[in-house]
Every structure is written in C-alpha cells, then in structure tokens.
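One-letter residues, chain by chain:
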Amino acid sequence: MKQFIKIKTFAFVLLLALSLSSFAQNDDQDDEPTKPLRKRKFLVGMYLGSYFANKYSASTYNGYGFDYYGQKNSFLNSFMNQKINEQYGGKYGQPDQIAAALGVDPGQWTFNESDMPQNMHYTPSIVVGFNFRHALDKKTAILLNFNGCKLNLQGNFTMTLLRPSGTNPAINSNIQTFGIKGGEQRLLFQLGFQRLLGDDDKLNFFVETGFNGTLAKFDKNLIMINNLQIDLTNYYNQTLYAAPGQFRRPIGFGVGAFAGFGLNVDINPKFLIQLLYSPTYEKINIGTNPTLKLQNSIGFRAYYKV
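Residues numbered from 1 in each chain as written. Predicted model: local features only at pLDDT ≥ 70, side-chain atom pairs only at ≥ 80, totals over all residues. Heavy atoms only, no water.

1. Focus on the environment of Lys-181
Checked against the element boundaries, Lys-181 lands in strand E6 (residues 175-197). Looking at Lys-181, the relative accessible area reads 42%, which means it is partly exposed. Taking the C-alpha atoms as reference points, Lys-181 and Leu-153, separated by 28 residues in sequence, lie 5.4 Å from one another. Residue contacts for Lys-181: discarding those within four places in its chain leaves Leu-153, Lys-220, Asn-221, Leu-222 and Met-224. (Helix = DSSP H or I, 4+ residues; strand = E, 2+ residues; numbered from the N terminus. Buried < 20%, exposed > 50% of the residue type's maximum accessible area, 1.4 Å probe, protein only. Contact = heavy atoms within 4.5 Å.)

Printed below as a string of structure tokens:
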C-alpha cells in the first residue's frame, strides 16, 4: 500500500513539473518579438482606363487608303472613288445603288476629290492591360506593362445632288453630308521605373517613366450613305472595271516614351491599387509621315502581391 502511494506521489510531482516547464516555455515564446511580415516584391496587376488618341494619325482613315506596298492611293485609286463612283455608282452597266440610297434618279449625283473627308478624329476609347511591378527597395520599382485598346474614328464627307434646270437652290441644298468611320488596334509595351513620394505606409503619391513601344494596326474603314453601308476595304473580284491592287492592312511598330503621376494606396497585405494619369509620346507607324505625338490616358491599376 505504501509502495502504491509513493508511485502516485511520484507521478503527480512529475506531471506538475512537466506542466510548469511547458508553461514557462510558452511564456518565453510570448515574450519573443514578433517577426515582421515579409514584404512582397513582385506584384501582378490589371489596368483599366480611358485612352485619348492624338488626331494626327486619323487621316489614315480619310477614304484614300493604301496600296499593297503601304503607299497612299491617289484619288483615282482611292477606296472612296472606287466604291462610290465605280462599284456602287452604276458604271459598266451595273445598277446605281448610290442613286437609290440618295433617293434620286440614276446619275443625278456627283462625287469628286473636293468631297473627300477632311475632319477625321478619334473618339475616347477603353484601354485594358496586364501590369507587373517588381520592387527594388521600399520606394523604387521596375514596371512592365502590356496595354491594349481598340480605337474608333469618325468624320464626314459630302456628295452633290444634280438639280433639274430652273430649280431654286434656296429651297433645299444640293450638298449632302454623310458619315465615315474607321477602326484601329493598338498594343502598348512599356518598360520603366516607378518611385513612391513620401514615407506613409498606406498612402503616397508616385511618379513613373520609361520606354514605350506601340504596335498599331489598321482595322476597318466604312462609309454610310443614308441606309447604304459600304466597307471600303472589301474589294470584290470584278473584271468589268479597273480596280486597285489587293489591299493589305497597314501595321507598324513605333518606339517612344511614357510618364505617369498618381496616387498609390496600399490596401492590405495582398492588394495595392493606383490611380494614374499617363501621357505617352507615341509613334503610330502606319499611314503617311508617321511621327511622335502626345497621347493621354487616365486609369486604375489593381495589383496582387504574389
């Protein structure tokens, strides 16, 4: 009996010692300083914004078009002359679809070089992309951006309706105005640096700059004469009249620069957002006499910290 009591006492003391030892170890661990979370250096993000294109290259879509070798057509071989006066205009025994669209008798209209569009311009477009950021230190980072957009263009041209003799021109003008549209695709490649301004952990302004490359592609060109829509770049294989050679959509790559200024907001350990205004100095290397021109965009970036 005494032996059993000794065994129980020894076991109780041993359990008590183990419990005290475990408590002491936990207490020591609680006293150790907490290690700071590792800063994530590589960020993957999405960009969404509005792009405002310079109108300089809009003349690429003024209805003249380009030949197979990328040279601008003369008026005789222009998209609009071939479509309006030749293919749809009743030449070589074909029906005069232009007169039907205008609501006049066949041949009672004219279209010449003075009627060609002069006021082509881009409309604001949406730009989206994938953006990558690698931090070199707390304030400086390398940027790699891939942004793309589809641009639309608008303008107008004129046609003249022929009046019977004796008609008073003051009653109704014989000059009619119609719309012309264009489309272009752009892909922007950007490589540069970003610098945070300030020491706040959550909210700072930032600036960025670097090289910009723009891949531009002629997408579409069409006109509307009332309810008649004509694709200027779609040529049929017709042997009844002389048509220009095969059309190849111009595409080109130009090198420039980009800059940016905005607000950086570090939301939490996983996400970072930026509000950004970005001017870009781009060369749209299609059309005639391409040169560097200023484009503008405003947008929103959302980064995920890998």
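2. Observations concerning helix H2 (residues 79-87)
Within H2, nine of the nine residues are buried, leaving the element largely enclosed by the surrounding structure. Buried residues of H2: Phe-79, Met-80, Asn-81, Gln-82, Lys-83, Ile-84, Asn-85, Glu-86 and Gln-87, and no others. In this fold, the buried residues of H2 make contact with helix H3 (97-102), strand E2 (109-110), strand E5 (140-161), E6, strand E7 (203-225) and strand E8 (228-231).

3. Brief notes about the environment of Asn-227
Looking at where Asn-227 falls in the secondary structure, it is placed in the loop between E7 and E8. Taking the C-alpha atoms as reference, Asn-227 lies 9.0 Å from Leu-102; in sequence the two are 125 residues apart.

4. Focus on the pattern of salt bridges
All told, the structure shown has five salt bridges when counted by the stated rule. Between Arg-301 and Glu-208 there is a salt bridge, and its shortest N-O distance comes to 2.8 Å. With a gap of 93 residues between them, Arg-301 in strand E11 (residues 292-305) and Glu-208 in strand E7 connect regions that are remote in the sequence. There is no split in this pair, since Arg-301 and Glu-208 are both buried. (Salt bridge = Lys/Arg side-chain N within 4 Å of Asp/Glu carboxyl O.)

5. Side note on the pairing of E11
Pairing between strand E1 (residues 42-52) and E11: 10 bridges, direction antiparallel. Counted as the bridge partner of Leu-48 is Phe-300 from E11. Where strand E10 (residues 271-283) meets E11, 13 bridges bridge the pair, whose relative direction is antiparallel. Bridging across to E11, Phe-271 finds its partner in Tyr-304. (Pairing = 2+ DSSP bridges.)

6. Observations concerning the layout of surface pockets
Estimates place the volume of the second largest pocket at around 150 Å³. Around the second largest pocket, the lining comprises 18 residues; the ones closest to its centre are Tyr-56, Ser-57, Ser-59, Thr-60 and Thr-288. Tallied by class, the residues present in the lining of the second largest pocket amount to six nonpolar, 10 polar and two charged. (1 Å grid on protein atoms, 1.4 Å probe; cavity = no way out; pocket = protein on both sides within 12 Å on 5 of 7 lines; lining within 4 Å. Points joined across faces, edges and corners; volume = space filled by probe spheres on them. Nonpolar A, V, L, I, M, F, W, Y, C, P; charged D, E, K, R; others polar.)

7. Digging into the pairing of E6
Pairing between E5 and E6: 21 bridges, direction antiparallel. Each bridged residue has a counterpart across the sheet, and for Thr-160 the counterpart in E6 is Ile-175. Relative to E7, E6 runs antiparallel, the two being bridged by 19 bridges. Considered in E7, the bridge of Lys-181 is made with Leu-222.

Limitation: the analysis is restricted to geometry and does not speak to function.
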